[in-house]
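In case you want the letters, here they are:
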Amino acid sequence: MAKLISEDDIEQAVLERLALPEFGYEIVKCNSTRNNIEDLNDGTGRASKKECVLPEVLKTSLRRINPHIPESIIEEVVQKLRRDYTGTDMVATNYEQYGKIRNGIKVTVRRNGKDDFDFVRLVDFENPENNTFTAVSQMWIQGKVYYRRPDILLFINGLSMVFIELKNGVVKVEEAYNTNLQNYRRDIPNLFAFNQICVLSNGLETKLGAFNASYDFFFDWLKVDSEKEKPKRGEIRESGLSILYFINGLLKKERLLDYI
């Protein structure tokens, strides 16, 4: 990992690791260039580049997690989750969507000739393998004025929950915050409706925080198996292993769900 100096090298290493059986992520490489920026045939299944969900993955996952909920209600929930949240107070929107992620969405169902209520779960926290984890690289997203293309987005059941921005090893991680993350927040705010974690890394340093937090509140993830671990920061930086500590320590399915 110490030889990984370019953004692309780090990106490919992250995707290759997440594809391993111990992680089990589905991988989508959009490989979009500015020449086909509007092309919807990028592997994400979106109907519009403004969308920040994977609609078919979302629909299939909700059907599997909620077999007791009628198809028509699943369809209705999926359509509502696909909406464009641009123009809303994104902090309030994100908080509202987090409540749905944690507690499900209350819906009205018909049972025995009477109206009743139930909940559509967006995530199966009790059975990690019952969820779909997808890593998507280089997905163009259309904003009001500009298109933006995050390096890697991690989706759980088709909802974008982890944002990863990469820099090469000679660029300070803070630059990813000051330039890239701030541009994304301004230009494609819809991306952060369901976001739970923002990750900034140059391979040598990897920092995590909330999408609306100041840089001072982004922290290093340097532990893998236990909170009692005492990481050797100098060695980790020198060997360029911080991104691996982040992947191994947080991105296994059960651990990521527990963190969320």
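Residues numbered from 1 in each chain as written. Predicted model: local features only at pLDDT ≥ 70, side-chain atom pairs only at ≥ 80, totals over all residues. Heavy atoms only, no water.

Draft legend 1. Quick look at the environment of Met90. Take Met90: it is sitting in helix H4 (residues 90-103). For the pair Met90 and Ala193, spaced 103 residues apart in sequence, the C-alpha to C-alpha distance is 6.5 Å. In this view, Met90 contacts Tyr85, Pro189, Asn190, Phe192, Ala193 and Phe211; residues no more than four positions away in its chain are not counted. (Helix = DSSP H or I, 4+ residues; strand = E, 2+ residues; numbered from the N terminus. Contact = heavy atoms within 4.5 Å.)

Draft legend 2. Main features of empty space enclosed by the protein. Inspection of the entire model under this criterion finds one cavity of 30 Å³ or more. Here the largest cavity is characterised by a volume of approximately 40 Å³. Counted by class, the lining of the largest cavity contains six nonpolar, one polar and three charged residues. (1 Å grid on protein atoms, 1.4 Å probe; cavity = no way out; pocket = protein on both sides within 12 Å on 5 of 7 lines; lining within 4 Å. Points joined across faces, edges and corners; volume = space filled by probe spheres on them. Nonpolar A, V, L, I, M, F, W, Y, C, P; charged D, E, K, R; others polar.)

Draft legend 3. Spotlight on helix H1 (residues 7-18). Spanning 12 residues, H1 covers 17 Å between terminal C-alpha atoms, matching the ideal 16 Å at 1.5 Å per step. Those residues of H1 lying buried are Ile10, Glu11, Ala13, Val14, Leu15 and Leu18. Looking at the buried residues of H1, the elements they touch are strand S1 (26-29), strand S4 (133-137), strand S7 (152-156), strand S8 (159-166) and helix H7 (242-250). (Expected span 1.5 Å × (residues − 1). Buried < 20%, exposed > 50% of the residue type's maximum accessible area, 1.4 Å probe, protein only.)

Draft legend 4. Representation of the packing of aromatic side chains within the structure. Within the structure shown, the criterion is met by 10 aromatic pairs. Ring centres 5.4 Å apart and planes at 70° place the aromatic pair Phe163 and Tyr184 in the edge-to-face group. In this pair, Phe163 sits in strand S8 while Tyr184 sits in helix H5 (residues 173-187), placing the two residues 21 residues apart along the sequence. For Phe163, a relative accessible area of 1% puts it in the buried group. (Phe/Tyr/Trp six-rings, centres within 6.5 Å; stacked < 30°, edge-to-face > 60°.)

Draft legend 5. How the structure looks around unusual backbone geometry. Despite not being glycine, Gln138 has its phi angle at roughly 55°, a positive value. Within the fold, Gln138 resides in the loop between S4 and strand S5 (141-142). Taking the relative accessible area as the measure of exposure, Gln138 reaches 16% and is therefore buried. Despite not being glycine, Asn157 has its phi angle at roughly 55°, a positive value.

The quantities given are spatial measurements derived from coordinates; they are silent on function.
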